[in-house]
Amino acid sequence: MKIMLVGPHPPHGGGSAYSCQELAWGLRRIGHEVLQVATYRDATDLEEHPELIWIPTDLSSDTLSFTPEARANMDHHLLATYIERGPFDAIILGREFFLWHLPALRRIHHQPIVTICRGGHINRLSADETFPVELKEEFFQLYGNCDRIICIAHYLVEMVNRVVGTNNTLFLPNPIHFPPYNPTNISIPNSHEPIRILMAAQIKQRKRPLEAVEIVRQLTLADVNVRLTICGDGSQRKEVEEAIRKYNLQEKIIIKGHVERTEVLNCLSQTEIVLLCSDIEGRPRILQEAIALGKGVVAYDNPGSREVINEWLEPWSFGRLVPIGDIVGASDAIAQLAHSLRSNSQPATPPQPPNPIDVLYQYELLLRSLQVQTLEVVS
C-alpha cells in the first residue's frame, strides 16, 4: 500500500513524534510505501529523508482552536504534497490535531482516512466545560467523519465513544521498539548511593514539572539522597530553573533539555525510578519503556498512567500511583519504592513487552479491510 502519514517527527512533538516515526519505519519494514508529512515551527535540526516532508505550521497556537488562516495555510501545504506525491491508498492522521485538515484532504482523497487518538485532545474536550460549544461540535463531527479512530489506550476507546457519540473506534497500541532487557547489566545500588530518578517529559504545565522539583525538595528535607535527571524542554523551563535555584537543588536536579531518544534510553538504563507528574496522559510510552527495563515507576493517577501500571501487560509490582498533586505522597512512594528495589538481591524481572511487528500487522490488516470496504461502496 501507498500510505500518507501526517504526524509529528522528532525533534518536534514529544513522545508522539517518536511513535509516528516508529509507525512509518515499521510499515515500510513490512513492505509498504510510507510518506510522512511532519510539521515544524523552528526549521533547525530537521532530519532529511526521501520519505519525509516538512511543512511549516503555527505550533504556538491552541491546536483545538487555531486561526482559520493557519488552518488554510496547512491545508494548502498538505494538498500540494498530496498532488505532488500521491495518490495514496490510505491516509493516517497521527494526532487528533490534524483532524482540522480532514475536510480538505477529503476533497482529493477518496480512500480511507484514519486518525490516531493519543488522548490530549479528547481528554481536554471531555473535561473543559469552558471550551466553545460550536468548536467542540465541529471537532466531534470531524471525529465521526473518520473511517476509523485508532485509540492507543483502552480507556480512550470508551471516552471517544461516550464523548463524541461515535462507534468507529478501536484499540491499537503504539508499535514501540522497546530496549532489550539485560539483567547482567543492572547493578543494585547500595543504601549510600543517591536514588536515581528520571523525568522524561516536556517541561510544560500539563506535565507539572514544578511539582517534580517540589518532590525532590521534599525528599531532600527528609534527608533522602536523590538525583533527578530531566530529559525534555518546554515553556516552563525558566520557571523550573528558578525553582531549582530557589531551593538550592542545583546538585540534585539536572536538566538535559531536548535530547535524542538514544540519550533518553541511556538515562533510563541508569535510572532506578521514573517519575511522571502529568495530570493527563494518553498511554505514556516512557512508563512502558521503564517497565520493559524493570524500573520502578511513580506516577500521578491519571487514566493513561493507571492503565500502563495496572493493566498494560500485568500489574507492575514496582509501580506506584499517587493522587494528582500529592507531592508528599509521591516523595514517600519514591523512598519506599527505592528501598523495596534495593532490598532485592536480584534485579526486578519485567514482563515480556509486545513485539512491534505484531502490532504493525494489525495496522496493515485494518487499512486493507477499510480499502476493501471503500471499493465495495464505490462498486
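Residues numbered from 1 in each chain as written. Predicted model: local features only at pLDDT ≥ 70, side-chain atom pairs only at ≥ 80, totals over all residues. Heavy atoms only, no water.

Chemist: Could you give me a rundown of the overall build of the protein chain, with the residues and numbers involved?
Modeler: Across its full length, the protein chain holds 13 helices and 13 strands. Its C-alpha radius of gyration of 21 Å places the protein chain within 12% of the 21 Å reference for a compact globule of 379 residues. Considered along the principal axes of its C-alpha atoms, the protein chain spans approximately 70 × 40 × 40 Å. Burial statistics for the protein chain: of 379 residues in total, 55% are counted as buried. Considering only contacts within the protein chain whose residues lie at least 6 apart along the sequence, 68% involve residues at least 24 apart. In the structure as shown, the protein chain presents an accessible area of about 16,900 Å², 49% of it carried by carbon and sulfur atoms. (Helix = DSSP H or I, 4+ residues; strand = E, 2+ residues; numbered from the N terminus. Rg over C-alpha atoms; globule rule 2.2 N^0.38 Å. Buried < 20%, exposed > 50% of the residue type's maximum accessible area, 1.4 Å probe, protein only. Contact = heavy atoms within 4.5 Å. Areas by Shrake-Rupley, 256 points an atom, 1.4 Å probe, with all protein chains shown as cover.)

Chemist: Which residues make up the pattern of salt bridges, and what are the values?
Modeler: One pass over the structure, following the stated rule, counts 18 salt bridges. Put simply, R342 and E272 hold a salt bridge, and the shortest N to O gap is 2.7 Å. Of this pair, R342 sits in helix α12 (residues 327-343) while E272 is found in the loop between α9 (261-269) and β11 (273-276), placing the two residues 70 residues apart along the sequence. In this structure R342 comes out as buried when scored by relative accessible area, which is 18%. One salt bridge connects R368 with E364, and the closest N-O pair in it is separated by 4.0 Å. (Salt bridge = Lys/Arg side-chain N within 4 Å of Asp/Glu carboxyl O.)

Chemist: Break down the environment of E48 for me, with residues and values.
Modeler: Along the polypeptide, E48 turns up in the loop between β2 (33-40) and β3 (52-56). Put simply, E48 and N161 are 113 residues apart on the chain and 38 Å apart in space, counted from C-alpha to C-alpha.

Chemist: Quick rundown of the packing of aromatic side chains? Include the residues and the values.
Modeler: Ring pairs (aromatic) are described by centroid distance and by the angle formed between their planes. Scanning all chains against the criterion turns up seven aromatic pairs. When the ring of W100 is compared with that of F139, the centres are 4.8 Å apart and the planes differ by 65 degrees; the resulting orientation is edge-to-face. Within this pair, whereas W100 is found in the loop between β4 (90-93) and α3 (102-108), its partner F139 is found in helix α5 (residues 133-144), the two being separated by 39 residues in sequence. Both residues of the pair, W100 and F139, count as buried. Centre to centre, the rings of W316 and F318 are 5.7 Å apart; their planes meet at 65 degrees, and the pair counts as edge-to-face. Overall, the relative accessible area of 6% leaves W316 in the buried class. We classify F318 as buried; its relative accessible area is 10%. Members of the aromatic cluster, connected to one another through ring pairs, are W100, F139 and Y143. Its guanidinium or amino end placed over the ring of F88, K2 lies 5.2 Å from that ring's centre, counting from NZ or CZ. (Phe/Tyr/Trp six-rings, centres within 6.5 Å; stacked < 30°, edge-to-face > 60°. Lys NZ or Arg CZ within 6 Å of the ring centre and 35° of its normal.)

Chemist: Describe in detail the pairing of strand β13 (residues 319-322), supporting the description with residues and values.
Modeler: It is a general feature of regular strands that their side chains alternate between the two faces of the sheet. Sheet analysis places strand β12 (residues 296-300) next to β13, joined by four bridges and oriented parallel. Looking across to β13, one finds that A299 is bridged to L321. (Pairing = 2+ DSSP bridges.)

Chemist: Break down α12 for me, citing the residues and quoting the values.
Modeler: For α12, built from 17 residues, the straight-helix expectation of 24 Å at 1.5 Å per residue is met to within 8% by its first-to-last C-alpha distance of 24 Å. Looking at the buried side of α12, the elements it contacts are β8 (195-200), α7 (209-221), β11, β12 and β13. (Expected span 1.5 Å × (residues − 1).)

Chemist: Outline the side chain of T229, supporting the account with residue identities and numerical values.
Modeler: Relative to the elements of secondary structure, T229 occurs in strand β9 (residues 226-231). By relative accessible area, which is 19% here, T229 ends up buried. With sequence-adjacent residues up to four places away left out, T229 is seen in contact with I197, L198, M199, I254, K256 and C267.

Chemist: Any chance you could break down the sheet that holds β9 for me, citing the residues and the numbers?
Modeler: One open sheet accounts for six strands, arranged β10-β9-β8-β11-β12-β13; its pairing is parallel. Every interior strand has two partners, whereas the edge strands, β10 (253-257) and β13, have only one. Sheet twist, expressed as the average angle between the axes of neighbouring strands with direction ignored, equals 20 degrees. Both β11 and β12 contribute to a ladder of four bridges, which runs parallel. Directly across from L276, in β12, lies its bridge partner A299. The strands touched by α7 are β8, β9, β10, β11 and β12; relative to β9, the strand with the most contacts, the crossing angle is about 170 degrees. Across the sheet, helix α11 (residues 303-311) is in contact with β11, β12 and β13; its angle to β13 comes to roughly 150 degrees. (Axes fitted to C-alpha atoms, helices over the stretch in contact; angles between N-to-C directions.)

Chemist: Could you give me a rundown of the state of the cysteines, with the residues and numbers involved?
Modeler: If you walk through the whole model with that rule in mind, you get zero disulfides. Here C151 stays free of any disulfide, with the sulfur of C117 as its closest cysteine sulfur at 4.5 Å. Judged by its relative accessible area of 0%, C151 falls in the buried class. Looking at the unpaired C231, the closest cysteine sulfur is the one in C267, lying at 3.8 Å. (Disulfide = S-S within 2.5 Å.)

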